[in-house]
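The lines below spell out each chain.
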Amino acid sequence: MEFKPHTAEDDVTVMKREIEKLKLTASNEEREIVKRNLDGFYKLYCHYKEKKGPSVEWGKVSALPENSEAVIPYERLQKEDLDAKAVKDVLDRLVVIKLNGGLGTSMGCKEPKSFITVRHDETFLDLTVRQIEHLNEQYGCDVPLVLMNSLNTDEDTRKTISKYGNRVKICTFTQSWYPQINKETQLPNTQSVKDQNAWYPPGHGDLYESFYNAKCFEEFLQQGKKYVFISNIDNLGATVDLNILNFLIKPDGSIVHDFVMEVTNKTRADVKGGTLIQYDNKLRLLEFTEVPDEHVDDFTSVNKFKVFNTNNLWISLDAIKKNIEEDRMHMEIIVDHKTLDNGVHVVELETAVGAAMKNFDGAVGINVARGRFLPVKKTSDLLLVMSNLYCLEAGSLTMNPLRQFRTTPLVKLGTHFDTVHVFLKRFTTIPNMLHLDHLTVSGDVTFGKDVILKGTVIIIANHGNRIDIPQHAILENRIVSGNLRILDH
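Here the structure is a predicted model, which means the values were calculated and not measured.

A.B. asks: Just to check I follow, could you spell out the overall build of the protein for this structure?
C.D. replies: A tally of helices and strands in the protein yields twelve helices and 26 strands. Across the 489 residues in the protein, those meeting the buried criterion constitute 51%. Sequence-distant contacts in the protein: of pairs separated by 6 or more residues, those separated by 24 or more amount to 68%. Split by element, the accessible area of the protein, about 24,300 Å² in all, is 49% carbon and sulfur. Measuring between centres, the 60 positive side-chain charges of the protein sit 2 Å from its 68 negative side-chain charges.

Given below as structure tokens:
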């Protein structure tokens, strides 16, 4: 008997059979949504198996030339003095979507990340609602807020938004959930839809399909909505910008832009951020995970690839509908390898929302100020946005006008500050950081009330030692190490 080698086609055939079995484990109430999710997973899996070699051929990658029309400086946008009626007309065509699928696990929280308190006892979600509420009140418009939840955040989020009443029209939809793939068998790592631990949200690139399938999508089109503004809910700089919206609705010239990605200049802290490139004569997003090892240095060069993706996106609703219905929404697959607690190796297939850029007509980047990118991924970031570096007005954070330099300080907090709960205990009050350039804190360190930090401050408590920075202390261009405790008496 002739031996036939195992092929990708074999994997696809067997996977199809296993998916049909999984569908049968759904209840009658779940059947339709389970079918939609598993059909979407199978489509992604087939694409993954069809892929041969890397997602990019480095020889085809070109950095954007100087003064490229592919990236427009924000300063070049026409800043019309619109009257109140014109502003209302523009805003009434907008939908705001916040990506709300993540938990706060990276900062020691089990709840949705949007529930983390940021300023004055207000959470990311509270501030987002305040932004939209202020916009609607100021211009008499009707901009709805849409939250894309995951299975991990949906129930808690829907309970919480009831507290806002009718302040803002809030809609939610849940992104897809796909089965993990057992790396050894190349089959779903579960035999039942009830086993929720074996399922995962497949990245925010799933937004297009999930939003299209949501009830609110067609309602927005019928209401005359034209564009969606998408951003991460933890990016407090991602507010509605009238100049960008007006640029889309009233383009300068004959080109209609169905997709705009906000980018900003790279710093050394952003070298792994996705960047815009020319590839096969198309503008597209290149992610760090797609870069061959031998070209990582090229990718991280701030001289060659000068901007990175903020994940603030403005996209035509009609174009989303067209691309979905014509099956033109192609995105590069991110392959995430994980090891479960039981030692089983699994694969999760994901896509990124910005990777769809190449599918839209007139796609372009706009180079915006750094202030539109204020993500909070770690407690180091949380310290920055909680401090007097930023002013809070109507739910929006802006750089304090009293800060002489408009750049954000570099802050590195050690593992003693990793979780929000412990982080907050280590600060009696958040220090004055208005004139700070660089802060590094390592070890068992606490801060008293009304501490002022200026210039470069490095505080290192060696193992077994503790440093208590006393109240009203002023540290300017200082290195503090060893052991320092101020005892009450």
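Don't stop here, the text continues.
A.B. asks: Sorry, what's going on with unusual backbone geometry here?
C.D. replies: The phi torsion of most residues other than glycine is negative, and most of the peptide bonds are trans. Of note in this structure, N311 is not a glycine but carries a positive phi near 65 degrees. Relative to the helices and strands, N311 resides in strand 15 (residues 307–316). Exposure remark for N311: the relative accessible area of 7% places this residue in the buried category. A positive phi angle, near 55 degrees, is found at D327, a position not held by glycine.

A.B. asks: Just to check I follow, could you spell out the pattern of salt bridges for this structure?
C.D. replies: Scanning the model with the defined rule gives 33 salt bridges in all. With a closest N to O distance of 3.0 Å, E122 and R130 form a salt bridge. For R130, a relative accessible area of 26% translates into the label partly exposed. It is possible to trace a salt-bridge network through shared partners that takes in K16, E20, K23, K35 and D39.

A.B. asks: How should the sheet that holds strand 7 (residues 170–174) be read in this particular structure?
C.D. replies: Sheets are built from strands paired through backbone hydrogen bonds, the pairs being either parallel or antiparallel. Strands sit in the order 2-18-12-15-11-3-6-7 across an open sheet of eight strands; the sheet is mixed. Where the open sheet ends on each side, the last strands, each with one partner, are strand 2 (71–73) and strand 7. Strand-to-strand twist across the sheet, computed as the mean angle between neighbouring axes with direction ignored, equals 25 degrees. Two elements, strand 3 (residues 94–100) and strand 6 (residues 145–149), share five bridges in a ladder whose sense is parallel.

A.B. asks: When you look at the side chain of T275 in this model, what are you seeing that I'm missing?
C.D. replies: If you trace the backbone, T275 turns up in strand 13 (residues 275–279). Given a relative accessible area of 1%, T275 falls into the buried group. Of the polar contacts made by the side chain of T275, one reaches the backbone oxygen of V307; its length is 2.7 Å. Beyond its immediate sequence surroundings of up to four residues, T275 is in contact with R284, L285, L286, F299, F305, V307 and F308.

A.B. asks: Help me out: how do you make sense of the sheet that holds strand 21 (residues 410–413) in this one?
C.D. replies: Ordered by their spatial adjacency, four strands build an open sheet running 21-22-24-26, and the pairing between neighbours is parallel. Each of the sheet's edge strands pairs with one partner strand only, and the pair in question is strand 21 and strand 26 (474–481). Ignoring strand direction, the axes of neighbouring strands in this sheet form an average angle of 15 degrees. In the sheet, strand 24 (residues 452–460) pairs with strand 26 via seven bridges, with the strands oriented parallel. Counterpart to K454 in the pairing with strand 26 is E476.

A.B. asks: Which parts of the structure should I look at to understand the packing of helix 1 (residues 8–23) against helix 2 (residues 31–50)?
C.D. replies: Working note: a packed helix pair is described by the angle between its axes plus the distance between those axes. Between helix 1 and helix 2, the least distance of the axes is 10 Å, while the angle of their chain directions is 170 degrees. Looking at the two axes, helix 1 sits roughly antiparallel to helix 2. Contact residues: A8, D11, V12, M15, K16, I19, L22 and K23 in helix 1; V34, K35, L38, D39, F41, Y42, Y45, C46 and K49 in helix 2. Class assignment of the residues belonging to the contact of helix 1 with helix 2 gives a composition of eleven nonpolar, no polar and six charged.

A.B. asks: Sorry if this is basic, but what is going on with the environment of V143 here?
C.D. replies: On the secondary structure map, V143 appears in the loop between helix 4 (124–139) and strand 6. The residues contacting V143, other than those within four sequence positions of it, are L91, L94, V96, I132, L135, N136 and V168.

A.B. asks: How should I be thinking about the environment of K358 in this particular structure?
C.D. replies: Mapped onto the elements, K358 comes out in the loop between strand 17 (345–350) and strand 18 (364–367). In this view, K358 contacts K282, L283, R284, H330 and E332; residues no more than four positions away in its chain are not counted. Looking at K358, its side chain comes within polar contact range of the side chain of E332, at 2.2 Å.

Thresholds applied
- Residues numbered from 1 in each chain as written.
- Predicted model: local features only at pLDDT ≥ 70, side-chain atom pairs only at ≥ 80, totals over all residues.
- Heavy atoms only, no water.
- Helix = DSSP H or I, 4+ residues; strand = E, 2+ residues; numbered from the N terminus.
- Buried < 20%, exposed > 50% of the residue type's maximum accessible area, 1.4 Å probe, protein only.
- Contact = heavy atoms within 4.5 Å.
- Areas by Shrake-Rupley, 256 points an atom, 1.4 Å probe, with all protein chains shown as cover.
- Lys, Arg positive; Asp, Glu negative; His and termini not counted.
- Charge placed at Lys NZ, Arg CZ, Asp CG, Glu CD.
- Salt bridge = Lys/Arg side-chain N within 4 Å of Asp/Glu carboxyl O.
- Pairing = 2+ DSSP bridges.
- Axes fitted to C-alpha atoms, helices over the stretch in contact; angles between N-to-C directions.
- Polar contact = N/O pair within 3.5 Å; in protein donor to acceptor, adjacent residues only side chain to side chain.
- Parallel < 35°, antiparallel > 145°, perpendicular 65-115°, else oblique.
- Nonpolar A, V, L, I, M, F, W, Y, C, P; charged D, E, K, R; others polar.

Interpretation in functional terms is not warranted from these geometric data alone.
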